[in-house]
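# Summary of structural features
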Amino acid sequence: MSALLKSGSLKTRIIWAVVLILMCLAPLISTEFRLSLLAKFLALAILAIGLDLIWGYGGVLSLGHGVFFGLGGYAMAMYLKLQASGTSLPDFMGWSGLTGLPWFWEPFRSFPVALFLGIALPALLAFVLGWFTFRNRITGVYFTILTQALVLITVTLFIGKQEWTGGTNGITGYNSIFGFTLHSAGTTIALYYITLAILVLTYLLCRKLVNSRFGQVLEASRDGENRVRFLGYDPAGYKTLTFALSGALAGIAGMLFVLQVGIISPSMMGIVPSIEMVLWVALGGRGTLIGAVIGAVVLNAAKTGISEAYPEGWLFVLGGLFVTVVLFMPNGLVGVYRNVIRLLKRRGEVVHVPVSQEKPEVY
């Protein structure tokens, strides 16, 4: 049995090594447009890994990750917009009657500051929300409702303050970074490799985290919070830190997304996108990390393909997938794969059982 397990593990590693090599070769075999789409999917996969940390390993379902994603996206978009505007006000501010740049926009003239705030702001918001909720033992559906309320409040605020955020149109109208055109072939390839590298690094770091003592305590608090508390650990602290890390990863994904797409708006951080993010993890298999990556890439690729062929049909497919995953695939695609491998291993054991060890049939 151990030999079979080692063989299966080795084959799995070989498969993922081949996949990674193919991903590295993607710019050579893909068009510029498709490569940009793939980079966008990989950026969203970073968010999915963060969501899997708090939901799959922490047992806490968040429907507010669209907010953390949006904060990171707006941080990068504000920097790009200020660079594109030069000494002038951003166009939407002039249309709204502003005569001067708001004070909180000033720090975003610096790329390092914008990069830091794109990570720190969503992490800080997640930390504060987690601190007050987990300390008061607010979990389950109540926490999910709170995160959904956070989405509603944030989206309403961003739409209402049009002179600061661009309103429903969001922030767009920028096309370069550090003097390089965002949509040129060279920049597209560079951003793709940067996104792929960050995704791989994020996966490896999160894998190390969940396999550490921290991850063990986090999983234990998911399965039996009171038992963990009786053992002397603080489940609230572990969940709060995990939620903050998850928010930071969502912010990173938002910044990379803006560089790929060239726009960020309140519609991209609303309730529907937040629910789609949960479905990515559920489809791939929560509590697996790699399942979150698979789910994000597969589902967004399907969304793009179906939307191109049948623009009105995507929501029906999304609803059908949600029902299918809940009823027939509770462990996602990774769970299905593991079940198939386990079944094949059992059949292999039956075939290779020596005659002397066979048990007599019972009638």
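Residues numbered from 1 in each chain as written. Predicted model: local features only at pLDDT ≥ 70, side-chain atom pairs only at ≥ 80, totals over all residues. Heavy atoms only, no water.

Put simply, the rule reads: UniProt positions are given in the numbering used here, feature names are shortened, and annotations may be inferred rather than shown by experiment.
As annotated in an unreviewed UniProt entry, the protein chain carries the name Urea ABC transporter permease subunit UrtC and comes from Paenibacillus xylanilyticus. Here is the UniProt Subcellular location (unreviewed entry) comment for the protein chain, exactly as written: "Cell membrane".

### Observations concerning the overall build of the protein chain
What counts, and what does not: Each helix is a run of DSSP H or I of at least 4 residues and each strand a run of E of at least 2, with the numbering of both proceeding from the N terminus. As defined in this context, the radius of gyration uses C-alpha atoms, and a globule is described by 2.2 Å times the residue total to the power 0.38. Throughout, exposure labels follow a simple rule: accessible area from a 1.4 Å probe, protein chains only, divided by the maximum for the residue type, with under 20% read as buried, over 50% as exposed, and the rest as partly exposed. By the convention used here, residues are in contact when the closest approach between their heavy atoms is within 4.5 Å. Areas reported here follow the Shrake-Rupley algorithm with a probe of radius 1.4 Å; residue values treat only the protein chains shown as occluding.
From N to C terminus, the protein chain includes 15 helices and 2 strands. Radius of gyration (C-alpha) of the protein chain: 23 Å, near the 21 Å computed for a compact globule of 363 residues. With respect to the principal axes defined by its C-alpha atoms, the protein chain has extents near 90 × 55 × 40 Å. Taken over 363 residues, the protein chain has a buried fraction of 45%. The long-range fraction of contacts in the protein chain, counting pairs at least 24 apart against all pairs at least 6 apart in sequence, stands at 79%. Working note: accessible area of the protein chain is about 18900 Å², and carbon and sulfur atoms make up 68% of it.

### Things to note about a nonpolar patch on the surface
Operational definition: Patch construction takes residues with relative accessible area above 30% that form no salt bridge. Like charges are linked within 9 Å, and nonpolar side chains (Val, Leu, Ile, Met, Phe, Trp, Tyr) are linked within 5 Å. What counts as a salt bridge is simple: a side-chain nitrogen of Lys or Arg found within 4 Å of a carboxyl oxygen of Asp or Glu.
Residues L10, I14, V18, I21, L22, L25, L28 and I29 make up a contiguous nonpolar surface patch of roughly 810 Å² in combined accessible area. Within the secondary structure layout, V18 lies in helix 1 (residues 2-29). According to the relative accessible area criterion, V18 is partly exposed, its value standing at 41%.

### A few points about the environment of N136
Of note, N136 is situated in the loop between helix 5 (111-135) and helix 6 (140-160). Taking C-alpha positions, N136 is 8.6 Å from A236, a pair spaced 100 residues apart along the chain.

### Remarks on the pattern of salt bridges
Scanning the model with the defined rule gives 9 salt bridges in all. Among the ionic pairs, R222 bridges to E219, the shortest N-O distance being 3.5 Å. Placement of both R222 and E219 in helix 9 (residues 213-223) is noted, with a separation of 3 residues, approximately one turn of the helix. Overall, the relative accessible area of 25% leaves E219 in the partly exposed class.

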